[in-house]
Amino acid sequence: MGHAEPQVATALQPYWMPFSPNKEFKAEPKMFSRAKGMYFYTPEGKEVIDASAGLFCVAAGHCREEIARAVYEQLQTLDFTAPFLRAHPKAFELAERVTQYTPAGLNRVFFTNSGSESVDTAMKMALAYHRVKGQAQRQLFVARERAYHGVNMGGVALAGMVNNRRAFGPGLAGVYHMRHTALPENRFAKGQPDHGADLADDLQRFCTLYGGENIAAVFVEPAAGSFGCLPPPKGYLNRLRQICDQHGILLVFDEVITGWGRMGANFGAQAFGVTPDLLTMAKAITNGAQPMGAVAAKQEIYDTITNAGPAKGVEFFHGYTYSAHPASCAAGLAMMDIFANERLIERGAAMSPKFIDAIHALRELPIVTDIRSIGMMAAVDVAVDGTPGARGHEAQKRLYDAGLNLKSTGDALIIAPPLVMEDKHLDEIVAKLRKVLSGL
Ligand SMILES: Cc1ncc(COP(=O)(O)O)c(C=O)c1O
């Protein structure tokens with residue numbers, strides 16, 4: 001039955017690692033025990049530059065003392081309070097601070113603990129909103145191929161990456177997927193590509209086929225992140241907005257990666273000039289130092305759901321034990337200070353053109369088949385070698401050995417450094433990529 005287990009230290013076995021090749025990792029562990037600024041350090045003390053901001057989280061660089069101190073002090077002052085029927089002041093303060101960054105009108109904030117929870121929360125908000133407006137028939141969702149919306153059942157149903165779906169078939173019904181926008185004619189485009197705005201008309205086709213009045217919401221990442229950086233074609237998001245408006249469908253931007261400066265603006269919504277009705281976020285809201293996610297909703301959605309509820313009863317039957325956890329709120333508030341005091345989002349925006357040019361210079365390597373980029377995120381595709389994804393996986397391992405950490409998806413290497421990256425770090429990242437990719 002199956003393959004023999006590789007020889008591994010017993011102590012590594014009990015931990016079932018997420019989204020990881022457990023057998024391979026436990027035979028050949030790649031661990032970090034410390035981090036500071038732009039770097040991770042292995043238990044042996046080797047320095048590894050962080051080219052993916054952890055997992056798109058660490059916008060301000062690792063181990064920020066301000067955040068650590070805020071969390072420590074919070075845990076000594078109020079470690080926990082139930083978020084249902086009770087609350088603590090920092091939850092309100094953080095919600096208010098977040099609305100200083102969200103697009104105008106999205107000024108009601110619901111806290112979760114992750115991107116996945118934010119996505120499923122937004123799905124429930126959409127369903128609840130339509131129901132209280134007397135449109136309970138709006139049960140369908142539209143998403144897109146090559147999308148990642150987390151791992152809870154709602155998000156998996158929305159997802160458009162086959163490995164995240166194929167084992168979980170039943171229960172994923174009621175979602176229609178638009179085509180992805182990775183067109184061959186857009187290869188090596190810098191920023192938003194020219195071709196593909198018309199792919200948004202897939203939404204119109206679903207409205208015609210299934211009835212626009214039956215669709216609750218459309219979920220898209222403004223620029224797909226986990227799949228490997230797919231910026232929206234020029235005009236694409238505007239077209240989605242128009243079709244949603246024509247049919248009364250809510251538009252949801254999943255900004256778990258694209259939020260908090262990654263696109264060169266507060267959120268992708270502002271970077272691309274299109275305002276959604278609901279916006280999910282997570283990751284960099286606390287610099288990754290505490291688990292936290294959020295959904296920003298248009299006030300009209302909050303008002304509609306809240307006003308439809310009883311005068312003294314619960315209006316929206318949803319929430320998590322750790323929604324607005326005091327330590328996460330403290331971390332979030334410290335991060336809001338960093339965003340403001342260090343003009344972090346502007347700093348990332350200023351670095352973006354140099355970053356994009358430097359990554360695109362890798363185009364000359366024969367193994368590179370495409371490069372896509374926007375803001376402070378880029379993906380370098382390496383040519384498929386036998387099994388799709390095998391070369392990307394090998395590249396990611398060799399880069400680690402060469403002292404560079406990044407996330408790969410299939411044969412795409414995703415580069416999304418902390419927004420505090422300086423020229424010397426960019427030089428180091430590009431030099432290491434060039435060396436390893438040249439030898440693959
Ligand atoms: C667009 C998007 N949505 C949702 C998620 C899920 O977030 P989490 O892993 O925090 O649950 C991610 C994670 O990368 C993401 O990129």
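Structural data are supplied above this passage.
Criteria and cut-off values
- All residue numbers refer to positions counted from 1 along the written sequence of the respective chain.
- Reporting of local features is limited, given that this is a predicted model, to residues whose pLDDT is at least 70; pairs of side-chain atoms are given and counted only at 80 or more, and all residues count toward the totals for whole chains, interfaces and linings.
- By convention in this description, side-chain values take in all heavy atoms of the structure and omit both hydrogens and water.
- Secondary structure counts use DSSP, requiring at least four H or I residues in a row for a helix and at least two E residues in a row for a strand, with both numbered from the N terminus.
- Each residue gets one of three labels from its accessible area relative to the maximum for its type: buried under 20%, exposed over 50%, partly exposed in between, using a 1.4 Å probe on protein chains only.
- It only takes one pair of heavy atoms within 4.5 Å for two residues to be counted as in contact.
- Whether a residue is near a molecule or strand is decided by its heavy atoms; if any one of them lies within 4 Å of it, the residue is near.
- Here a polar contact is taken to be a pair of N or O atoms separated by no more than 3.5 Å, where protein atoms must pair a possible hydrogen donor with a possible acceptor and residues adjacent in sequence count only if both atoms sit in side chains.
- Calculation of accessible area relied on Shrake-Rupley with a 1.4 Å probe; when residues are assessed, cover is drawn exclusively from the protein chains displayed.
- To estimate how far a helix should extend, the number of its residues minus one is multiplied by 1.5 Å.
- Taken from the helix axis, the directions to the C-beta atoms give the arc we talk about.
- To obtain the bend at a residue, axes are fitted to the seven residues ending there and to the seven starting there, and the angle between these axes is taken.
- A pair of strands is treated as paired once DSSP finds two or more bridges between them.
- A pocket here means an open set of points on a 1 Å grid, computed over the protein atoms alone, that has protein on both sides within 12 Å along at least five of seven lines. A cavity is instead a set of points where a 1.4 Å probe fits but cannot get out; residues with an atom within 4 Å of a point line either one.
- Grid points are joined across faces, edges and corners, and a volume is the space filled by probe spheres set on the points.
- The residue classification treats Ala, Val, Leu, Ile, Met, Phe, Trp, Tyr, Cys and Pro as nonpolar and Asp, Glu, Lys and Arg as charged. All others, Gly included, are polar.
- Here a salt bridge means any side-chain nitrogen of Lys or Arg lying within 4 Å of a carboxyl oxygen belonging to Asp or Glu.
- Any cysteine sulfur atom paired with another within 2.5 Å is treated as part of a disulfide.
- Under the counting rule used here, the positive set is Lys and Arg, the negative set is Asp and Glu, and His together with the chain ends is not counted.

A. Highlighting the environment of Tyr72. Along the chain, Tyr72 turns up in helix α3 (residues 65–77). Relative accessible area serves as the criterion here: at 53%, Tyr72 is assigned to the exposed category. Expressed as a C-alpha distance, the spacing of Tyr72 and Ala330, which sit 258 residues apart in the sequence, is 9.0 Å.

B. Representation of the environment of Val436 within the structure. Along the chain, the position of Val436 falls in helix α14 (residues 423–438). For the pair Val436 and Pro184, spaced 252 residues apart in sequence, the C-alpha separation works out to 26 Å. Apart from the residues lying within four places of it in its own chain, the contact partners of Val436 are Ala395, Arg398, Leu399 and Ala402.

C. A look at the site of the ligand. Taken together, Ser114, Gly115, Ser116, Tyr148, His149, Gly150, Glu221, Ser226, Asp254, Val256, Ile257 and Lys283 form the complete shell of residues around the ligand. Here an oxygen atom of the ligand sits 2.8 Å away from a polar atom, N or O, in the main chain of Gly115. One of the side-chain nitrogen or oxygen atoms of Ser116 is found 2.6 Å away from an oxygen atom of the ligand. Relative to its free-state accessible area of 390 Å², the ligand is covered by the protein chains to the extent of 84%.

D. Examining α3 more closely. When the terminal C-alpha atoms of α3 are compared, their 18 Å separation across 13 residues agrees well with the 18 Å that a helix rising 1.5 Å per residue should span. Restricting attention to buried positions, one finds in α3 the residues Ile67, Val71 and Gln74. Taken around the axis of α3, the buried residues stretch over an arc of 65°, which confines them to a single face. Among the exposed residues of α3, those pointing more than 90 degrees away from its buried face are Glu65, Tyr72, Gln76 and Thr77. Buried residues along α3 sit in contact with α4 (89–98) and α11 (326–341).

E. Broad picture of helix α12 (residues 344–360). Between the first and last C-alpha of α12 there are 24 Å, a value that for 17 residues agrees with the 24 Å anticipated at 1.5 Å per step. Along α12, the sharpest change in direction is near 40° and occurs at Ser352; proline Pro353 comes one to four residues later. Residues of α12 that are buried: Leu344, Ile345, Gly348, Met351, Ser352, Phe355, Ile356, Ala358, Ile359 and His360. Of the surrounding secondary structure, the elements contacted by the buried residues of α12 are α11, β11 (368–374), β12 (377–382), β15 (412–415) and α14.

F. Region of the structure containing the sheet that holds strand β1 (residues 34–36). The mixed open sheet is built from four strands, whose spatial order is β1-β2-β3-β13. Of all strands in the sheet, those bounded by a partner on one side alone are β1 and β13 (404–405). As paired strands, strand β2 (residues 39–41) and strand β3 (residues 47–50) are joined by three bridges and run antiparallel to one another. Its bridge partner being in β3, Tyr41 is matched across the sheet by Glu47.

G. Structural context of empty space enclosed by the protein. Counting across every chain of the model gives three cavities of 30 Å³ or more. The space that makes up the largest cavity amounts to roughly 100 Å³. In terms of lining, the largest cavity is formed by 13 residues, of which the most central are Asn186, Pro193, Leu230, Pro231 and Arg372. The residue makeup of the lining of the largest cavity, split by class, is six nonpolar, four polar and three charged.

H. Main features of the pattern of salt bridges. For the coordinates displayed, the defined rule picks out 22 salt bridges. One salt bridge connects Arg239 with Asp201, and the closest N-O pair in it is separated by 2.6 Å. Note that Arg239 is positioned in helix α8 (residues 236–247) and Asp201 in helix α7 (residues 201–211), a separation of 38 residues in sequence. The shortest N-O distance in the salt bridge between Arg434 and Glu364 comes to 2.7 Å. Pair noted here: Arg434 is in helix α14 and Glu364 is in the loop between α12 and β11, with a separation of 70 residues, a long-range link. Under the relative-accessibility criterion, Arg434 is labelled partly exposed at 27%. In this structure, a network of salt bridges that share partners links the residues Arg241, Asp245, Asp277 and Lys298.

I. Region of interest: the state of the cysteines. Applying the stated criterion across every chain, the model contains zero disulfides. Here Cys63 stays free of any disulfide, with the sulfur of Cys57 as its closest cysteine sulfur at 13 Å. In this structure Cys229 is a free cysteine whose sulfur lies 17 Å from that of Cys57, the closest cysteine sulfur available.

J. Local environment of the side chain of Asp50. With respect to the element layout, Asp50 can be found in strand β3. For Asp50, which is buried and forms no salt bridge, the nearest opposite charge comes from Arg262, at a distance of 8.5 Å. The contact partners of Asp50, leaving out residues within four places of it in the chain, are Met38, Phe40, His62, Asn405, Pro417 and Pro418.

K. Expanded view of the side chain of Asp202. Counting through the fold element by element, Asp202 comes out in helix α7. Accessibility expressed as a relative area gives 5% for Asp202, which makes it buried. Apart from the residues lying within four places of it in its own chain, the contact partners of Asp202 are Met178 and Arg179.

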